[in-house]
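Observations on the model geometry
As a plain string of letters, each chain reads:
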Amino acid sequence: MHLASAAAVGIAFLCYRGLLGHWFVSDDFALLHDFRDLGLDGLTRFLVFGDLGGREFVYWRPGWAALFWLGHALFGTDAPGHYALCIAMHAAVAVVVVRIGQRHGASLLAAGCAGALFAAMPTHVGGVAWIAAAYNVLPASFTIALAAAAFWRFAANGRAAEAHWALAALALSLTFKEAAYSLPPLFAGALLLHRRRGLRAWWPVLAALGLVLLHYGVCMRRYAVAADAATQLVVVAHHLAMYARSMVPLLPADAAAALALTAGLAALVWWRGSAWSRYCLLWTAAATLPYVVLTHGERFLYFAHVPAALLAGQGLAAVVSALPRARWLVVAASAAGIVVLANATIRGVAAHGRAGDECRRVHAFAARERLGERQDLIVDGVPASLENGLAAMLRLFFGRSPNLVALSVHPRPPFLLYHDRAFDALAADTPVLCLSGPEPRLASKAEVVGDALPLPVLSLAGRCEVLAPGTDAVAAMRAKGARLVAEPVLAAAPPCAIASLREPSRAEIATVVVALTGLTLDVDVDRPCLLVIAFPVPLELGVRGTVAIDGERVPVFAADSIFHAVCMPAGRHRVVVQPALP
């Protein structure tokens, strides 16, 4: 057992040792800054009362906050210490896979291969190499694995202590992430597999469901899924297929075919496998919850891969048992597969390191140019590694951040699209931090914009101009200058009466969620106007995609040459911009 666990730990370290030379990326900066001074009293207030010192927060995750607080206390802003902790937590989960596998019927060799496979899977890079994700995914996965194994033992022997351990682990997991929402149906599956009946057997399932509902209803800041039921089913199927491919890469690209083959494999395992194998199969399916509704992000695959690795260990044990003379051939093939996976993981870790290098270069430039002391700063071409972290990086290392305004996230010549409407008000000589080139540089707003037409991604307009046939739309837009946002140009008259359009005195757009299902907005206006969508989605004027206001599909028409618009009625409405699904 110790040798198999040591092998899993060694493979985890060999795959991720490159992290020890990496730097922070993205949300790492904000979370280190926000939680570094949390303290025991602050942690207690957050845990018990959901009070983060008056600061806004999206998720109630006190365990996650505690890890950042303790990490900063131990390592400060030295990234290698934080990455060493991530590697240690990943190795701990791999050891849990080994120990659970061996305890539930797999040979020591098969359990060791399952742990090594889990440690080396390249799809885990997003959950291990990104500190912001690792500090919630890894401890949540560790505690969920303990809960699932303990409840299986309760279902088998009825000892209440095992149920108590399972519920305690579930509750602890919820302080890191919401992945434990998968446990109530899994617990129910364990009892059904053991044919347990009565309240003495089922009370832990009810308790687990109560914990999950309490967490969701009281602790979570909820947001809606932006799709009707039929569309959501298509989205879930798409994500399920991606989950399946992460475990069986040879599955076809077509989602329906991939799911059909996955169902066939699952049926085979259910038919031929032991009760424990069936439980692992249920665990793998349940572990996609709740994330499969919205995403198949790489870090979320981690939860489903714990039971999938246990299933792989069971399968290896079955093959060795059926072919005892080919035992070492099977082991050699498994080892070769693990080497291939480990090599892919090492490459993924190296790619993550390049993202950290981008952030390090920006940090060095910010220190040299003293960017933290500036009042306003436009940022052009923010790399993905800093999309959520530039302002936090400046605050973390320099004590303050200037007022940052994003210039462009979707350049579409001759247009320059921006999100932040504050861009309009900034002077032409406002400095621009250009990050799209090989090295950061400073320029002015006038220099960067040049002869492009700056447009907000989303805007509300109370007036419009209908162009005469044959008019050059781009030339007409340039002639309007700054008035273009408030008065877009249309190729034809809109469905709403132009005479009724006046500049709204109250106009607000709030982005609710951006997902595969589309872009969802809450729009509040005091009089009818036009919503102009300069957003790169393949609407094709409603042919392949749709725009719906309060659930009702509305006509989409051309605006500002290549973009789209809809007529907004007065009042507060929910708008869903839904592109064609892949």
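Everything numeric in this text was worked out from a predicted model, so none of it was measured.

The rules behind the values
- Residues numbered from 1 in each chain as written.
- Predicted model: local features only at pLDDT ≥ 70, side-chain atom pairs only at ≥ 80, totals over all residues.
- Heavy atoms only, no water.
- Patch = residues over 30% accessible without salt bridge, like charges linked within 9 Å, V, L, I, M, F, W, Y side chains within 5 Å.
- Areas by Shrake-Rupley, 256 points an atom, 1.4 Å probe, with all protein chains shown as cover.
- Salt bridge = Lys/Arg side-chain N within 4 Å of Asp/Glu carboxyl O.
- Helix = DSSP H or I, 4+ residues; strand = E, 2+ residues; numbered from the N terminus.
- Axes fitted to C-alpha atoms, helices over the stretch in contact; angles between N-to-C directions.
- Parallel < 35°, antiparallel > 145°, perpendicular 65-115°, else oblique.
- Contact = heavy atoms within 4.5 Å.
- 1 Å grid on protein atoms, 1.4 Å probe; cavity = no way out; pocket = protein on both sides within 12 Å on 5 of 7 lines; lining within 4 Å.
- Points joined across faces, edges and corners; volume = space filled by probe spheres on them.
- Phe/Tyr/Trp six-rings, centres within 6.5 Å; stacked < 30°, edge-to-face > 60°.
- Buried < 20%, exposed > 50% of the residue type's maximum accessible area, 1.4 Å probe, protein only.
- Lys NZ or Arg CZ within 6 Å of the ring centre and 35° of its normal.
- Core = buried A, V, L, I, M, F, W, Y, C linked by side-chain atoms within 4.5 Å.
- pLDDT = per-residue confidence, 0-100.

**A look at a nonpolar patch on the surface**
Together, F13, L14 and L20 make up a nonpolar patch on the protein surface, roughly 260 Å² of accessible area in all. Position of L20 among the secondary structure elements: in the loop between α1 (2-16) and α2 (27-35).

**What to know about the packing of α1 against helix α16 (residues 327-369)**
Contact geometry for α1 and α16: axes closest at 8 Å, N-to-C directions at 40°. It follows that α1 is oblique to α16 by the angle criterion. Contacts between α1 and α16 involve I11, L14, C15 and Y16 from the first element and I338, A342, T345, I346 and V349 from the second.

**A look at empty space enclosed by the protein**
Per the counting criterion, the structure on display carries one cavity of 30 Å³ or more. Taken together, L455, P456, S459, V485, V532, A534 and D560 make up the lining of the largest cavity.

**Describing the packing of aromatic side chains**
Evaluation of the coordinates by the stated rule reveals 16 aromatic pairs. Geometrically, the ring pair formed by F35 and F68 is tilted, given 6.4 Å between the ring centres and 40° between the ring planes. On the criterion of sequence distance, the pair formed by F35 in helix α2 and F68 in helix α4 (residues 62-75) is long-range, its members being 33 residues apart. Taken individually, F35 and F68 each receive the classification buried, so the pair is uniform in this respect. Aromatic rings pair up to connect W23, F24, F29 and F397 into one cluster. Above the plane of the ring of W64 lies R61, whose end atom (NZ or CZ) is 5.1 Å from the centre.

**Notes on the nonpolar core**
Formed by 117 residues in total, the largest nonpolar core has its most connected members in F29, F68, F187 and W283. With 17 residues, helix α8 (residues 131-157) is the largest single contributor of residues to this core. Discounting chain neighbours no more than four positions away, the residues touching F68 are D28, L31, L32, F35, I131, A132 and Y135. Among the nonpolar cores identified, the runner-up in size contains 29 residues, and L453, L455, L467 and V489 belong to it.

**A few points about the confidence of the model for the chain**
For the chain, per-residue confidence averages 81 on the pLDDT scale, and 84% of positions sit at 70 or higher. For the stretch residues 222-226, pLDDT sits under 50, and the model shows 14 contacts to residues farther than four places along the chain or on other chains. A low-confidence stretch, residues 538-543 (pLDDT under 50), is modelled with 18 contacts involving residues beyond four sequence positions or located in other chains.

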